[in-house]
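Tertiary structure, described
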Amino acid sequence: MSGKPQVCIVGGGMITQVQILPSIYHLQRMGVVGQISICALDSGPLKTLAHDPMLKKAFVGQSFTAYPSIDTDPKDKFPDKFKEVIAGMDKYGIVVVAVPDQFHLPVIEAALENDQHICCVKPLVLQYEDAEKVAKRAYEKGLVVGVEYHKRFDDRNLIARRKYRDGQFGKFRLGQAILHECWYYRDSNFQNWCTCENSDMFSYIGCHYIDMVHFITGLLPKRVSVYGIVEEYPNGKEGFLWTDGRVIWENGACLNGQNALG
Ligand SMILES: NC(=O)c1ccc[n+]([C@@H]2O[C@H](COP(=O)([O-])OP(=O)(O)OC[C@H]3O[C@@H](n4cnc5c(N)ncnc54)[C@H](O)[C@@H]3O)[C@@H](O)[C@H]2O)c1
């Protein structure tokens, strides 16, 4: 595998299990990337990934190095382990950022500091100024920062893009996108991190629709405003569990997005 970029995935949760690890394993099988390591806060999710029967069946003989080791007690937490692992990588590898939204920035900073290219799950960061800083730093160092918007690869969106660009849909004027996630998601790890001080349902889901409109039409967003309703999760923490967002585009068009854990 020498000579091929090493990959370090930071975050071993749902999106790593169903989307990122299978994609990276596939790239490894095709000979595009080299060794894979995965960092999580503790060994719990790493064990789940290492023993996932579907991954084992689909990617026979492929594996990853776990940080911390899967033999450690899942009660032991390693919040800074990713810094050590990234610092130990060869230059110009790939760091895949797949931790909760509010932790993207510190992982991105560690990756840029250590000359690593980045593939980050959405939303890249939570403040516009931080996005500008990341872009500037990466440009200065000649590094790529990609945001993983995999809905761009959905056939329906590719077809819509071609038709829009062929003029078959006319001009974008008004749009509406609605995704209310399942109620039972409130019981998942969301309640530990997607709380008022960290993120909200619009930043979490609505960013996809903003990206889609841009991807399909080529237009850029100009202004955004969001109204959020605060509600308690089962563990008593509070989150913006219902949101209504409005995005104004450079041609004056308007996209309305409703998102909820409802
Ligand atoms: N459609 C999409 O593009 C899509 C879908 C789902 C999630 N996401 C994004 O993916 C990210 C993760 O979501 P998820 O559902 O997998 O979350 P999750 O709660 O299932 O997993 C989070 C993971 O981050 C790890 N983690 C937390 N702090 C860490 C630290 N300091 N060091 C290393 N690892 C740490 C945890 O151990 C856990 O494995 C979020 O930013 C979310 O917005 C994108």
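As a starting point, this report considers the structure included with it. (Residues numbered from 1 in each chain as written. Predicted model: local features only at pLDDT ≥ 70, side-chain atom pairs only at ≥ 80, totals over all residues. Heavy atoms only, no water.)

**Examining the site of the ligand**
As a matter of local geometry, the ligand sits amid 27 residues, with Gly12, Ile15, Asp101, His104 and Asn189 nearest to it. Residue aspartate 101 places a side-chain N or O atom 2.6 Å away from an oxygen atom belonging to the ligand. Within the side chain of histidine 104, a nitrogen or oxygen atom sits 2.8 Å from an oxygen atom of the ligand. If the ligand stood free it would expose 860 Å²; the protein chains cover 89% of that surface. Those elements giving two or more residues to the shell around the ligand turn out to be α1 (14–29) and α9 (201–217). For the shell around the ligand, the per-class residue count stands at 17 nonpolar, seven polar and three charged. (Near = heavy atom within 4 Å. Polar contact = N/O pair within 3.5 Å; in protein donor to acceptor, adjacent residues only side chain to side chain. Areas by Shrake-Rupley, 256 points an atom, 1.4 Å probe, with all protein chains shown as cover. Helix = DSSP H or I, 4+ residues; strand = E, 2+ residues; numbered from the N terminus. Nonpolar A, V, L, I, M, F, W, Y, C, P; charged D, E, K, R; others polar.)

**Observations regarding the side chain of glutamate 148**
As for its position among the elements, glutamate 148 is in strand β6 (residues 145–148). The buried charged residue glutamate 148 lacks any salt bridge, with lysine 122 as its nearest oppositely charged partner at 8.1 Å. Within the structure, glutamate 148 has its side chain in polar contact with the side chain of histidine 150 (distance 2.7 Å). In this structure, glutamate 148 is in contact with Gln19, Cys119, Cys120, Val121 and Lys122, ignoring residues within four places of it in sequence. (Buried < 20%, exposed > 50% of the residue type's maximum accessible area, 1.4 Å probe, protein only. Lys, Arg positive; Asp, Glu negative; His and termini not counted. Salt bridge = Lys/Arg side-chain N within 4 Å of Asp/Glu carboxyl O. Contact = heavy atoms within 4.5 Å.)

**A closer look at the pairing of β6**
Across four bridges, strand β5 (residues 117–121) lies against β6 in parallel orientation. Residue cysteine 119 lies in a different strand from β6, and its bridge partner there is glycine 146. Following the backbone out of β5, through helix α6 (residues 128–141) and into the adjacent parallel β6, one traces a crossover that is right-handed. (Pairing = 2+ DSSP bridges. Right-handed = clockwise from strand over helix to strand, strands pointing away.)

**What about empty space enclosed by the protein?**
Throughout the structure, instances matching the rule amount to one cavity of 30 Å³ or more. Counted as a void, the largest cavity has a volume near 40 Å³. Elements with a minimum of two residues in the lining of the largest cavity: α9, β9 (238–249) and β10 (254–261). When the residues that make up the lining of the largest cavity are grouped by side-chain class, the tally is five nonpolar, five polar and no charged. (1 Å grid on protein atoms, 1.4 Å probe; cavity = no way out; pocket = protein on both sides within 12 Å on 5 of 7 lines; lining within 4 Å. Points joined across faces, edges and corners; volume = space filled by probe spheres on them.)

**Structural notes on unusual backbone geometry**
Of note, the bond from tyrosine 67 into proline 68 is cis; its omega dihedral lies within 30 degrees of zero at 0°. With respect to the helices and strands, proline 68 occurs in the loop between β3 (65–67) and α4 (81–87). A cis amide bond links lysine 122 to the next residue, proline 123, at an omega of -15°. Positioned with a positive phi, tyrosine 92 is a non-glycine residue whose angle comes to about 60°. Turning to its location among the elements, tyrosine 92 is positioned in the loop between α4 and β4 (94–97). Using a relative accessible area of 43% as the deciding quantity, one classes tyrosine 92 as partly exposed. A positive phi angle, near 55°, is found at aspartate 115, a position not held by glycine. Relative to the elements of secondary structure, aspartate 115 occurs in the loop between α5 (104–113) and β5.

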